[in-house]
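Topology and contacts: notes
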Amino acid sequence: MSHTPGVREAQKRKTRKALLDAALGLLEEQSLSSLGLREVTRAVGVAPTAFYRHFRSIADLGVALVEEALGSLHPMIRTTVSPAEDRDERIARAVELIAGHVAAYPAHVRFIARERHGGVQPVREAIREQLARFAEEVKAELAKDPVSAGWSDADLLMLAGLYVDQMLATGSLFLEALETPETPETPETPDEARRRAADTATRQMRLISLGRRHWLD
């Protein structure tokens, strides 16, 4: 009995997601450049030929992982610099959002942190394109803020890039806090590590915000 088109499409999406999840799990222990197609298909339990129904190559799978990791973050990134709140509220909300995202998707955050400067060019380019989109979106939000009056487009984009870079750095801080074990040498509880990361991130973002207010002085 043949399956209906809807059932086939659902199965195709399920297999594609399984391949992405398996690859992400395998990438916890290695870089994308060392990941083998057969490793991924073996983990999913499908034939290697089935891989090509979904991705042209491991690099193509990596680009899909970039979209999965970053594509849904655009609304969150924009809200972290929205002028609707005062500076301290905005910073606190940004830090909280980033911390929550890292806690929910640590493997995706590790993947981006590793592959941003990794050895697979299409993936590096995909990450760079996503970050450039973030910067343009942040720039558009910054332009709405009265503090940005008189700023050139180039300076606004430079500031937006600083915010995007800082958000990535904040993600790395929370990831490090998440992964740092409590030992006799470093008797810091996970909650203490997260609070330290949040405090560091808050101070760093506040510094950018203060500098911004004096840029045209």
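What comes next is a walk through the structure. These numbers were taken from a predicted model, which means no experiment stands behind them.

1. Looking at the overall build of the protein chain
The number of helices and strands found in the protein chain is ten helices and zero strands. In the protein chain, the order of α-helices and β-strands from amino to carboxyl end is α-α-α-α-α-α-α-α-α-α. Its C-alpha atoms put the protein chain at 70 × 50 × 30 Å along the principal axes. Put simply, the protein chain has 217 residues, and 40% of those count as buried. Within the protein chain, contacts between residues at least 6 apart in sequence are counted, and of these 66% link residues at least 24 apart. Positive and negative charge centroids in the protein chain, built from 29 and 32 side chains respectively, lie 7 Å apart.

2. Regarding the pattern of salt bridges
Considering all chains together, one arrives at 14 salt bridges under this definition. Across the salt bridge formed by Arg 56 and Asp 60, the nearest N and O atoms sit 3.4 Å from each other. Relative accessible area serves as the criterion here: at 68%, Arg 56 is assigned to the exposed category. Given a relative accessible area of 17%, Asp 60 falls into the buried group. One salt-bridge network, held together by shared partners, links Glu 28, Arg 110 and Glu 179.

3. As for helix H10 (residues 190–213)
In an α-helix there are 3.6 residues to a turn, and that puts residues three or four apart on one side. Look at H10: 35 Å from first C-alpha to last across 24 residues, which is about the 34 Å you get at 1.5 Å a residue. Among the residues of H10, Ala 193, Ala 197, Ala 201, Thr 202, Met 205, Ile 208, Ser 209 and Arg 212 are the ones counted as buried. Buried positions along H10 lie against helix H6 (87–104), helix H8 (121–143) and helix H9 (153–179).

4. A closer look at a nonpolar patch on the surface
On the surface, a nonpolar cluster with roughly 310 Å² of combined accessible area is contributed by Met 158, Trp 215 and Leu 216. Within the secondary structure, Met 158 sits in helix H9.

5. Some points on the side chain of His 101
Mapping His 101 onto the fold places it in helix H6. For His 101, a relative accessible area of 15% corresponds to the buried category. If sequence neighbours within four positions are ignored, His 101 has contacts with Ala 69, Leu 73 and Val 109.

Cut-offs used in this document
Residues numbered from 1 in each chain as written. Predicted model: local features only at pLDDT ≥ 70, side-chain atom pairs only at ≥ 80, totals over all residues. Heavy atoms only, no water. Helix = DSSP H or I, 4+ residues; strand = E, 2+ residues; numbered from the N terminus. Buried < 20%, exposed > 50% of the residue type's maximum accessible area, 1.4 Å probe, protein only. Contact = heavy atoms within 4.5 Å. Lys, Arg positive; Asp, Glu negative; His and termini not counted. Charge placed at Lys NZ, Arg CZ, Asp CG, Glu CD. Salt bridge = Lys/Arg side-chain N within 4 Å of Asp/Glu carboxyl O. Expected span 1.5 Å × (residues − 1). Patch = residues over 30% accessible without salt bridge, like charges linked within 9 Å, V, L, I, M, F, W, Y side chains within 5 Å. Areas by Shrake-Rupley, 256 points an atom, 1.4 Å probe, with all protein chains shown as cover.

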